[in-house]
Amino acid sequence: MEYSINTTADYHQQDIKTLGWELTVCNALESPDSPCRKILQYNDSYGHLLYRFMERFIPMARIRNIIEVGGGYGYVMRDFLRNKPDSKITMLDISPVLLHKQRDLLKDDVADYILQDFLNADITWLRQYDLAIFNENLGDFPTVLNISCDMFRDGSNDLPDVLSKIKSYFILYQLKKPDTPYFNFNIGAIEALEKLCFAGITYIFFSEHSCEASAPMILNPYLQIVPTGNPERIILQGHDEYTLKFSYLADVAKYHGYDVTRGPMSDFIEPDFSDRVMTILKSNFTAKDEYEVVRQFIYDLYKYEYLILTKK
Ligand SMILES: C[S@@+](CC[C@H](N)C(=O)[O-])C[C@H]1O[C@@H](n2cnc3c(N)ncnc32)[C@H](O)[C@@H]1O
C-alpha cells in the first residue's frame with residue numbers, strides 16, 4: 001500500500017465556517033449551563049481550569065509573552081487574560097474565519113493576530129515567547145499514513161523525501177519502531193515541536209486526542225479506550241484529523257532538554273463521580289441527549305492527553 005499524507009490546511013484556509021459541531025472540550029465547557037460543567041469537581045470554563053493547573057508547573061506571574069496557536073474562538077486566552085491581564089498575547093491561526101472570531105472576542109486585549117500556517121512560522125521570531133499553547137489542534141497538522149516498516153530495512157536509502165525525514169527522526173530521537181507492518185506518523189506535530197524547541201521557548205503546552213490513552217481501571221467497563229499506539233483517523237466535517245502519539249513528542253522534547261509532564265486531560269478537568277454520573281456512564285441507552293453529551297465528554301477527558309514541557 002502506498003503512503004499518503006493527511007492535511008487539513010485547505011479545509012481550514014478555505015472551507016471552515018464554524019467549529020460548531022466539532023465540539024472541543026474547551027467549547028463543551030463554555031456555557032455556564034453546559035451539562036458537562038455540572039459533573040465537574042470545579043465548575044468553571046476550560047481556560048480558567050487550565051490556567052490554575054498550569055500554575056503548578058509554570059511560574060505564571062513571571063510569564064509575559066504568550067503565543068496561542070489555533071485558538072479557535074479565543075476562549076482560552078480570554079480566560080488567561082482575566083487571570084493575568086498584563087500578558088502580551090499573540091494569536092496565530094491558519095484559518096481567516098477563526099482568527100476573525102478571536103479578534104471579535106479579544107479585540108485590543110491581544111497584541112497581535114497572525115494569519116499563518118504555524119509550520120511556516122519563523123524560528124527567530126518565535127524566540128520572543130515565554131509560553132506557547134496548542135490546545136486541541138495538533139491532530140489537524142499533517143500526518144503521513146500507511147508507511148511501510150520496510151523503510152527501516154538496511155539498504156532502503158532511496159526513499160521519498162518525506163519518508164527519509166521520518167526515518168531521520170527515528171534515528172535522531174531514538175523513537176521506538178512500530179511493531180506493526182504499517183504505521184501512521186504525526187509529522188506535522190513533530191515539526192511544530194521541533195520549531196518550538198529550536199526557538200528555545202521555555203514553556204510549552206499541548207493537548208490533543210491520544211492514540212496511547214486508556215481509561216482508569218475502574219472506568220474500563222464504561223469507556224472503551226484502547227491504546228493502539230498508532231495515530232487513528234477521526235472523521236470530521238470536511239476533513240479528517242489523527243490522534244497523536246504522545247510518547248514520540250515526549251522523546252523529542254527530552255532530546256531538546258525539556259522536562260516533560262504528561263497525563264490525561266482529567267488531571268485538570270476532574271469529574272465528580274457521583275451516583276448520578278455513574279448512572280449516566282452505566283446506562284447504555286440514549287434516553288436523554290444530555291446523557292450522550294456527558295458520556296462523550298467524560299470519554300474525551302481520558303482520550304485526550306496533555307504535555308507540559310519546561311526547558312531545563
Ligand atoms: C479543533 S480547533 C481547536 C480550537 C481551540 N484551540 C479549542 O480548543 O477549542 C483547531 C484550531 O487549530 C487551527 N489550526 C489547524 N491547523 C493549523 C496550522 N497548521 N497552523 C495554525 N493553526 C492551525 C484551526 O484553524 C483551529 O483554530
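Model, not experiment: these values are computed from the prediction. (Residues numbered from 1 in each chain as written. Predicted model: local features only at pLDDT ≥ 70, side-chain atom pairs only at ≥ 80, totals over all residues. Heavy atoms only, no water.)

K.L.:
Describe the sheet that holds strand β5 (residues 131-135), with residues and values.
P.N.:
Read across the open sheet, the 7 strands follow the order β4-β3-β2-β5-β8-β12-β11; overall the sheet is mixed. The two strands at the open ends of the sheet, each matched to only one other strand, are β4 (112-115) and β11 (258-264). Taken pair by pair, the neighbouring strands of this sheet meet at an average axis angle of 15°, ignoring direction. The pairing of strand β2 (residues 65-69) with strand β3 (residues 88-93) spans 5 bridges and is classified as parallel. Bridge assignment links I66 to a residue of β3, and that residue is I89. Its contacts with the sheet place helix α3 (residues 46-54) against β5, β8 (203-209) and β12 (304-311), and it is angled at close to 130° to β8. Seen against the sheet, helix α5 (residues 96-106) touches β3 and β4 and runs at an angle of roughly 170° to β4. (Pairing = 2+ DSSP bridges. Helix = DSSP H or I, 4+ residues; strand = E, 2+ residues; numbered from the N terminus. Axes fitted to C-alpha atoms, helices over the stretch in contact; angles between N-to-C directions. Contact = heavy atoms within 4.5 Å.)

K.L.:
Quick one: what's the story with the sheet that holds strand β7 (residues 182-185), residue by residue and with numbers?
P.N.:
Spatially, β1-β6-β7 is the arrangement adopted by the 3 strands of the open sheet, whose pairing is antiparallel. The open sheet has two edge strands, β1 (4-6) and β7, and neither has a second partner. The average angle at which neighbouring strand axes cross in this sheet is 20°, direction not considered. For strand β6 (residues 143-148) and β7, the ladder comprises 3 bridges, and the chain directions are antiparallel. What sits directly across from V144, in β7, is F185. This element, helix α7 (residues 161-172), spans β1, β6 and β7 of the sheet and lies at about 85° to β6.

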